[in-house]
Amino acid sequence: MKFCTIGCGGHASHSHGPSQKLYAQRHPEVELSACCDLNPQLAETYRATFGFQHCYTNLEEMLAKENPDAVALVVPASATSGLAIPLLERGMALHLEKPPGLTLNEYRRLLTAAQKGGGLNQVAFNRRYAPALVRARQWLDRDIPAQEVLHIRYDLVRYSRNESDFSITAIHGIDAVQYLARSPYREIRLTYRELPQSGAGVAAISMEGVCLNGTEVSLTFQPMSGLLEETAAIHAIDQSIHVNLLGTQATFDGETSHWCRGALKSQVMVMNQELVERNGVYYETEAFLNAVQGIGTASPQLEDCRQQVILMEAIRTRKSRVDFADRDATRPNVSDVVRELSGIDR
Ligand SMILES: NC(=O)c1ccc[n+]([C@@H]2O[C@H](COP(=O)([O-])OP(=O)(O)OC[C@H]3O[C@@H](n4cnc5c(N)ncnc54)[C@H](O)[C@@H]3O)[C@@H](O)[C@H]2O)c1
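This one's a predicted model, so the numbers in the text were calculated from it and none came from an experiment.

The next point concerns the packing of aromatic side chains. Applying the stated criterion across every chain yields a total of 4 aromatic pairs. Ring geometry for tyrosine 46 versus phenylalanine 50: centroids 4.7 Å apart, planes at 65°, classification edge-to-face. Separated by 4 residues within a single helix, tyrosine 46 and phenylalanine 50 lie in helix H2 (residues 40–50), roughly one turn from each other. When sorted by exposure, tyrosine 46 lands in the same class as phenylalanine 50, which is buried. An aromatic cluster is defined as three or more aromatic residues linked by ring pairs; in this entry it consists of Phe3, Tyr46, Phe50 and Phe52. Of note, arginine 137 hangs over the ring of tyrosine 179, and the distance from its end group to the ring centre comes to 4.8 Å.

Encoded structure:
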């Protein structure tokens, strides 16, 4: 199988390159054919560092010469849909970085292109593949029916993140909560504490709401705090699951614990893993490239990402409420929703 990747910048070099190299080492049937970046030095460094055979500065030239079976797209969010649409239309198997479109309009065009081309696609929501979150979801599926989860809290905390549009990072939390809830959102209220002293568009963001299955949710996004942290707390009657995705202490890289009436039932520490394993990027790359070869399913796909894009855009445009009930209430019933969603998970 011939694989190519587009964009050799920060996130690609930090996470995708090491993941692609590791996957190729473990799966010799996969050929790292070529990488591409507008910047020739970045392209050459990526090629040499991660073991790609060739590098290019022109995407179309790379595709014409290499004729790959699968492609990853890791370019600035503003460039993603413009580059992804022609790839999807021609049926190319595509692993595309989040967000899947900057707006609902872009998202719809991506989805239409995917449906037209009929190829496989996977959106890079790597939290779904981070071991700490994967374990939480496994325990939920085993022990707590979706409609019995009372509340999910998700805190995505960063420092010195004064970019004007934090919504394209917040979308990770929006996706992770939907994945843990095992249900679409029904309605979300949003509030903002604007931080003009930190820069234009910078704000602490809070989201409160409820999912279609009755689970209440609360999400906070703090771009300018004092630490880097990402945690989830899931509560049901007699049971709670706590997830620390990143691990803020030197001794561990993440942790998931399951509590029953005050007693610790299970605890897993994510330790001694490669960065790209604990942040999930290796496992999402593995899921995608396996799926291209007919093993397992690629998830999430574009069709699973509509609500995430709507809520991301709501943050950017400072909406105070998003009501999904009109459209999503037409789904048959909660158990069908749960079955439908569990079918897309790995
Ligand atoms: N999943 C995560 O946790 C996570 C974290 C950071 C970034 N991201 C996503 O990764 C993507 C890239 O972000 P980044 O921070 O690496 O950006 P970046 O600017 O560092 O890198 C993007 C690269 O794409 C290249 N590029 C742009 N247009 C191109 C084209 N037509 N052909 C070839 N190369 C092209 C640029 O030259 C640049 O080197 C974004 O979509 C971002 O949302 C995801």
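Resuming the write-up.
What follows covers the layout of surface pockets. For the largest pocket, the calculated volume is near 720 Å³. Taken together, 28 residues line the largest pocket, and the ones lying closest to its centre are His11, His14, Asn126, Arg127 and His172. Of all elements in the fold, only helix H1 (10–26), helix H7 (167–181) and helix H8 (275–278) reach the threshold of two or more residues within the lining of the largest pocket. In terms of residue count, H1 provides more of the lining of the largest pocket than any other element does, 5 residues in total. The residue makeup of the lining of the largest pocket, split by class, is 12 nonpolar, 9 polar and 7 charged. Lining the lining of the largest pocket are residues from two domains, each supplying at least three of them: domain 1 (2–123) and domain 2 (127–342).

Turning our eyes to something else, we now look at the packing of H1 against H2. Their axes nearest at 10 Å, the elements H1 and H2 cross at an angle of 40°. Seen along the crossing, H1 lies across H2 with a hand that is right-handed. On the side of H1, the interface is formed by Ala12, Ser13, His16, Gly17, Pro18, Gln20 and Lys21, while H2 contributes Tyr46, Thr49 and Phe50. Along the lines of polarity and charge, the residues of the contact of H1 with H2 split into 4 nonpolar, 5 polar and 1 charged.

Here 9 strands make up an open sheet; going across it, the order is S14-S13-S12-S11-S7-S10-S9-S8-S15 and the pairing mixed. The sheet is open, and its two edges are formed by strand S14 (263–269) and strand S15 (321–323), each paired on a single side. Neighbouring strand axes in the sheet, compared pairwise and without regard to direction, differ in orientation by 10° on average. Two strands pair when backbone bridges link them, and strand S13 (residues 255–260) and S14 are joined in this way by 6 bridges, in the antiparallel orientation. Paired with glutamate 255 across the strands is methionine 269, a residue of S14. The strands that H7 touches are strand S7 (149–157), strand S8 (185–194), strand S9 (203–211), strand S10 (216–222) and strand S11 (229–236); relative to S7, the one it contacts most, it runs at about 160°.

About the cut-offs
Residues numbered from 1 in each chain as written. Predicted model: local features only at pLDDT ≥ 70, side-chain atom pairs only at ≥ 80, totals over all residues. Heavy atoms only, no water. Phe/Tyr/Trp six-rings, centres within 6.5 Å; stacked < 30°, edge-to-face > 60°. Helix = DSSP H or I, 4+ residues; strand = E, 2+ residues; numbered from the N terminus. Buried < 20%, exposed > 50% of the residue type's maximum accessible area, 1.4 Å probe, protein only. Lys NZ or Arg CZ within 6 Å of the ring centre and 35° of its normal. 1 Å grid on protein atoms, 1.4 Å probe; cavity = no way out; pocket = protein on both sides within 12 Å on 5 of 7 lines; lining within 4 Å. Points joined across faces, edges and corners; volume = space filled by probe spheres on them. Nonpolar A, V, L, I, M, F, W, Y, C, P; charged D, E, K, R; others polar. Domains from an automatic or database assignment. Axes fitted to C-alpha atoms, helices over the stretch in contact; angles between N-to-C directions. Left-handed = near helix turned anticlockwise from the far one by under 90°. Contact = heavy atoms within 4.5 Å. Pairing = 2+ DSSP bridges.

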